[in-house]
Amino acid sequence: MKFTEVIGQEEAKARLLQMVAEGRLPHAMMLCGPSGSGKMALALAFASYLLCENRGDGGDSCGRCRQCAMVAKWEHPDLHFTFPTIKLPSMSPEHKPVSDDFMRQWRQMLSEGPYFSMNRWMEMMGAENQQAIITAGESDGLTRKLSLKSSQGGYKVSVIWLPERMNQECANKMLKLIEEPPSRTVFIMVCEEPDKLLDTIRSRTQRIDVRRTDDESIRQALVERRGIGEDMARRVARMAGGSWLRAVEALDADNENDQFLELFQQLMRLAYMRNIRELKHWSDTMQAMGRERQKRFLNYFLRLVRENFMYNFRQPELVYMTQREEDFARNFARFVNENNILQINDLANRAIRDISQNANARIVFFDMALQMIVLLLRK
């Protein structure tokens, strides 16, 4: 994995390389940014660079040495991965799931590319109606691994994906490990919601903010890596909003966002018609989804509400929608206005909170549907 494979993010690349060049590499750092911005790609490229024994003059791993050969398969003995997991039915009641339980699936996902979402990871694990977390068993195992001497005589690198998903016990143990790190160990945390981490963990890491990928870098990558035309690439890059994942999803005719758009349209039409019976059926459909997918729908809901509100201003440069979303917005957008936009946003955010706290999803979504009937009348 090389820095040249990361889309855009030149400023973040330069900062990482500068820390090594100036001999001030922190023992713990945290790459923070939105989904799809390339945080994990940066972390993997930096880990490859630190482990490479023949770093190039251009500021990248060589891709040819013995260390790079092991990293290419994500099987380097001094590279350790920590990520959210689930408890499978086959696991014993007392077993605390750890990353090693799913390492085969993790390496398979990494081999597909450094850009992926929690949705993709849940699919790889075979998760259903579960929420992935990092358990205390993970911190215990990582402590044992890092206490060993480096097998290759260089750095030991610990890449922690989504540390905000650590449970309380794990977070406390991880704090102690970061406070007293083993020799020549570098922790690279890849975080989307840093505010959910312990303050004491955040204070002991050097934060590097990874901004949304610029439209031009996404456009260029779409042309060079996906082979699509300039006009299409420009439209997709703009709609992606700085997320390579969203850009790739927009190229997929059968992607999850199309399903979410159908559900959004159903909710709004049924709420406008005050069809309580069918709204109950809509809530049953939402109940059948896993909690992670329910939260993704609600985030999609928030985005589309915002885009419909902006559509009313008749300024195309402010609107970021696919053609199908825009077709629906032509007739629907007037129902999202200054009299209800804040209340609709609050409604969706409360639903996200309730779903995250394991509330009954059928009740949450039916209540949300009923309140939309009232909110759509505020013109």
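Residues numbered from 1 in each chain as written. Predicted model: local features only at pLDDT ≥ 70, side-chain atom pairs only at ≥ 80, totals over all residues. Heavy atoms only, no water.

> When you look at the overall build of the chain in this model, what are you seeing that I'm missing?
Check the secondary structure of the chain and you find 17 helices and five strands. Relative to its length of 379 residues, the chain is compact, with a C-alpha radius of gyration of 22 Å against a globular reference of 21 Å. Taking the principal axes of its C-alpha atoms as reference, the chain extends roughly 70 × 55 × 35 Å. Burial statistics for the chain: of 379 residues in total, 53% are counted as buried. (Helix = DSSP H or I, 4+ residues; strand = E, 2+ residues; numbered from the N terminus. Rg over C-alpha atoms; globule rule 2.2 N^0.38 Å. Buried < 20%, exposed > 50% of the residue type's maximum accessible area, 1.4 Å probe, protein only.)

> So what exactly am I meant to see when it comes to the sheet that holds strand S5 (residues 206-209) here?
The strand order across the open sheet formed by five strands is S2-S3-S4-S1-S5, and the pairing between neighbours is parallel. Every interior strand has two partners, whereas the edge strands, strand S2 (79-82) and S5, have only one. Pairs of neighbouring strands in the sheet enclose a mean axial angle of 20°, with direction left out of account. Here strand S3 (residues 156-161) runs beside strand S4 (residues 185-191); their pairing, made up of six bridges, is parallel. In the strand pairing of S4, Lys156 is matched with Thr185. (Pairing = 2+ DSSP bridges. Axes fitted to C-alpha atoms, helices over the stretch in contact; angles between N-to-C directions.)

> Sorry if this is basic, but what is going on with unusual backbone geometry here?
Glycine aside, residues mostly have negative phi, and peptide bonds are mostly found in the trans state. Phi at Arg184 takes a positive value of approximately 55°, unusual for a residue other than glycine. Here the phi dihedral of Arg314 falls at roughly 55°; this positive angle occurs in a residue that is not glycine. Relative to the helices and strands, Arg314 is located in the loop between helix H14 (291-311) and helix H15 (323-332). Taking relative accessible area as the criterion, Arg314 reaches 59% and is therefore assigned exposed.

> What exactly am I supposed to notice about the packing of helix H12 (residues 256-273) against H14 here?
Geometry of a packed helix pair, given as the angle between the helix axes and the separation of the axes. Contact pair H12 / H14: the axes reach a minimum separation of 10 Å and the direction vectors enclose 70°. Taken together, the axis directions place H12 and H14 in an arrangement best described as roughly perpendicular. Note on packing geometry: the crossing formed by H12 with H14 is right-handed. Across the interface between the two elements, Glu256, Asn257, Gln259, Phe260, Leu261, Leu263, Phe264, Leu267 and Met268 from H12 touch Arg293, Arg296, Phe297, Tyr300, Phe301, Leu304 and Val305 from H14. Across the contact of H12 with H14, the residue classes tally to 11 nonpolar, two polar and three charged. (Parallel < 35°, antiparallel > 145°, perpendicular 65-115°, else oblique. Left-handed = near helix turned anticlockwise from the far one by under 90°. Contact = heavy atoms within 4.5 Å. Nonpolar A, V, L, I, M, F, W, Y, C, P; charged D, E, K, R; others polar.)

> Please explain the packing of H12 against helix H13 (residues 276-287) as it appears in this structure.
Following both chains from N to C, one finds H12 and H13 inclined at 155°, their axes separated by 10 Å at the closest point. Judged on the interaxial angle alone, H13 and H12 are roughly antiparallel. For the crossing formed where H12 meets H13, the hand is left-handed. On H13, the residues touching Leu263, Gln266, Leu267, Leu270 and Ala271 of H12 are Glu278, Leu279, Trp282, Thr285 and Met286. A class-by-class count of the residues in the contact of H12 with H13 yields seven nonpolar, two polar and one charged.

> What exactly am I supposed to notice about the pairing of strand S1 (residues 28-32) here?
Side-chain positions along a regular strand alternate between the two faces of the sheet. Burial analysis of S1 places five of its five residues in the buried class, which makes it a mostly covered element. Across the two faces of S1 the burial is the same, with Ala28, Met30 and Cys32 and Met29 and Leu31 all buried. Direction of pairing for S1 relative to S5: parallel, over a ladder of four bridges. Of the residues in S5, the one forming a bridge with Leu31 is Ile208.

> Explain the confidence of the model for the chain to me, please; I cannot follow it from the model alone.
Interpretation of the predicted coordinates at a detailed level should be avoided for regions scoring low in pLDDT. Within the chain, residue pLDDT values average 90, and 97% of them lie at 70 or more. Mean pLDDT per element in the chain: helix H10 (residues 230-240) is the minimum at 83, and helix H17 (residues 361-375) is the maximum at 96. (pLDDT = per-residue confidence, 0-100.)

> Help me understand the pattern of salt bridges, please; the structure alone is not making it clear to me.
Any two side chains of opposite charge can pair if their charged atoms end up close together. This model, assessed by the stated rule, comprises 29 salt bridges. Close ionic contact of Lys145 with Asp100 constitutes a salt bridge, the shortest N to O distance being 3.0 Å. With Lys145 in helix H6 (residues 136-147) and Asp100 in the loop between S2 and helix H4 (103-112), the pair connects residues that are 45 residues apart, well separated along the chain. Judged by its relative accessible area of 25%, Lys145 is partly exposed. (Salt bridge = Lys/Arg side-chain N within 4 Å of Asp/Glu carboxyl O.)

> Explanation requested: the environment of Thr135 in the structure shown.
Examined against the element boundaries, Thr135 turns out to sit in the loop between helix H5 (118-125) and H6. The buried category is assigned to Thr135, whose relative accessible area is 8%. Expressed as a C-alpha distance, the spacing of Thr135 and Pro97, which sit 38 residues apart in the sequence, is 6.7 Å. What Thr135 contacts, discounting residues up to four positions off in sequence, is Lys96, Pro97, Val98, Asn167 and Cys170. Separated by 2.7 Å, the side chain of Thr135 and the backbone oxygen of Pro97 make a polar contact. (Polar contact = N/O pair within 3.5 Å; in protein donor to acceptor, adjacent residues only side chain to side chain.)

> Looking at this structure, I do not really get the nonpolar core. What am I missing?
Taken as a class, soluble globular proteins show a tendency for nonpolar side chains to be buried jointly. Residues Phe46, Phe81, Trp106, Trp121 and Trp161 are the most contacted members of the largest nonpolar core, which totals 64 residues. Per-element accounting of this core gives the leading share, 11 residues, to helix H2 (residues 39-51). With residues near it in sequence (within four places) discarded, Trp106 still touches Met40, Phe81, Phe83, Phe116, Trp121 and Trp161. By size, the runner-up hydrophobic cluster in this structure holds 46 residues, among which are Leu279, Leu302, Tyr311 and Ile355. (Core = buried A, V, L, I, M, F, W, Y, C linked by side-chain atoms within 4.5 Å.)

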